[in-house]
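A closer look at the structure
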Amino acid sequence: MDDRDQLTERFEEHRPRLRAVAYRMLGSVSEADDAVQEAWLRTIRADTGEVENLEAWLITVVSRVCLNVLRSREQRREEPLDVQAHDPAVGREDGGDPEHEAMLADSVGLALLVVLDTLTPAERLAFVLHDMFDVPFDDVAPIVGRSSQAVRQLASRARRRVKGAAPAPDPADRDRRRAVVDAYLAATRGGDFDALVALLDPDVVLRADPAVGPTPGPLVIRGARVVAKGALASAERARVTQVALVNGSAGLVMAPRGGLYLVLAFTIVDGKITEIDVIAEPDRIRRLDLAVLGD
């Protein structure tokens, strides 16, 4: 076996971990695969003969590739929500496997991917590498061009964003609200019309901003049965939807391939959903305080 074959074999041994790092960095299977492939191209062009810890070296390479992708996103931040903007139900037109994508996002935590996307590139890299893959701050620092202390602060800021603000004063009320939102999502996924109607106030109001479509202006729907029918129409999309904290309260985020498409914010009174605000306008979404909702 020649040196190239040995390097290929060793790279393939590390590919699953590299792909896992890249996916959490980028939130997209296709982009993660592209990043790993770029890391391989850089590897075969480099002199790795003196590398003592190849895995650590490869993680550094793929992290730098991902950082470049994230910084490129920042430069075109006016288009952050272009993932399947015409239809939040992921299609196959790009050759991907949407079911596999949805399963992978669910295993990682779709809400986590959404919140990670609100971080700066440096914050996201510091949090993913240190908090999720136990990479020491001293090793992360050269990748982002900061000191170890600065990287520690980046990860700390990211951690606060991921966990969100302090919990509501009444944990029991917070849990009751989450139970209602969990039940709403489960009923939507399961196509259970009666269960949806039971969760909704008879006079519930759903408001959707113009970006949701198909009407050119804001959409307002009233009544439990009408709103429930609308929810069932989006049952296919519910598989890329997950519960998250939206402005401190349980809500839903829809994120095909980890790219945030829209948010559902709920008003819940006495265990019934009285209002649903469907938000898809990029400017409105950026102003939301999104965080991962713990178990």
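Quick summary incoming for the structure in this document. (Residues numbered from 1 in each chain as written. Predicted model: local features only at pLDDT ≥ 70, side-chain atom pairs only at ≥ 80, totals over all residues. Heavy atoms only, no water.)

**Brief notes about the pattern of salt bridges**
Using the criterion set out here, one finds 17 salt bridges in the structure. For the salt bridge of Glu38 with Arg42, the shortest nitrogen-to-oxygen distance reads 3.1 Å. Here Arg42 and Glu38 lie together in helix H2 (residues 29-45), a separation of four residues that amounts to about one turn. Overall, Arg42 belongs to the partly exposed group, its relative accessible area being 30%. (Salt bridge = Lys/Arg side-chain N within 4 Å of Asp/Glu carboxyl O. Helix = DSSP H or I, 4+ residues; strand = E, 2+ residues; numbered from the N terminus. Buried < 20%, exposed > 50% of the residue type's maximum accessible area, 1.4 Å probe, protein only.)

**Description of unusual backbone geometry**
For Asn247, which is not glycine, the phi dihedral falls at a positive 50 degrees. Following the sequence through the fold, Asn247 ends up in the loop between strand E3 (241-246) and strand E4 (249-254). Phi is positive for Asp270, which is not a glycine, with a value near 55 degrees. Structurally, the position occupied by Asp270 is in the loop between strand E5 (262-269) and strand E6 (272-279).

**Some points on the packing of aromatic side chains**
This model, assessed by the stated rule, comprises two aromatic pairs. Between Phe11 and Trp40 the ring centres are 5.0 Å apart and the planes differ by 55 degrees, which places this aromatic pair in the tilted class. A residue pair is termed long-range when its members are at least 10 positions apart, and Phe11 in helix H1 (residues 3-26) and Trp40 in helix H2 qualify at 29 residues. Judged by relative accessible area, which is 0%, Phe11 ranks as buried. With a centroid separation of 5.2 Å and an interplanar angle of 70 degrees, the aromatic rings of Tyr184 and Phe266 are classed as edge-to-face. Here Phe266 lies in strand E5 and Tyr184 lies in helix H9 (residues 171-190), a separation of 82 residues in the sequence. The burial state of Tyr184 is the same as that of Phe266; both residues are buried. (Phe/Tyr/Trp six-rings, centres within 6.5 Å; stacked < 30°, edge-to-face > 60°.)

**Concerning the sheet that holds E4**
Sheet strands pair via backbone hydrogen bonds, and the direction of the pair is either parallel or antiparallel. What the seven strands build is an open sheet, ordered E2-E1-E6-E5-E4-E3-E7; its pairing is mixed. Looking at which strands have only one partner, the edges of the open sheet turn out to be strand E2 (219-222) and strand E7 (290-291). Along the sheet, helix H11 (residues 224-233) makes contact with strand E1 (200-208), E2 and E6, crossing E1 at roughly 55 degrees. (Pairing = 2+ DSSP bridges. Contact = heavy atoms within 4.5 Å. Axes fitted to C-alpha atoms, helices over the stretch in contact; angles between N-to-C directions.)

**With respect to the packing of helix H6 (residues 121-133) against helix H7 (residues 137-144)**
Closest axis-to-axis distance for the H6/H7 pair is 10 Å, and the angle between their directions is 150 degrees. One element, H6, and the other, H7, form an angle in the roughly antiparallel class. As for how H6 packs across H7, the hand of that crossing is right-handed. Contacts between H6 and H7 involve Ala122, Leu125, Ala126, Leu129 and His130 on the former and, on the latter, Phe137, Val140, Ile143 and Val144. Along the lines of polarity and charge, the residues of the contact of H6 with H7 split into eight nonpolar, one polar and no charged. (Parallel < 35°, antiparallel > 145°, perpendicular 65-115°, else oblique. Left-handed = near helix turned anticlockwise from the far one by under 90°. Nonpolar A, V, L, I, M, F, W, Y, C, P; charged D, E, K, R; others polar.)

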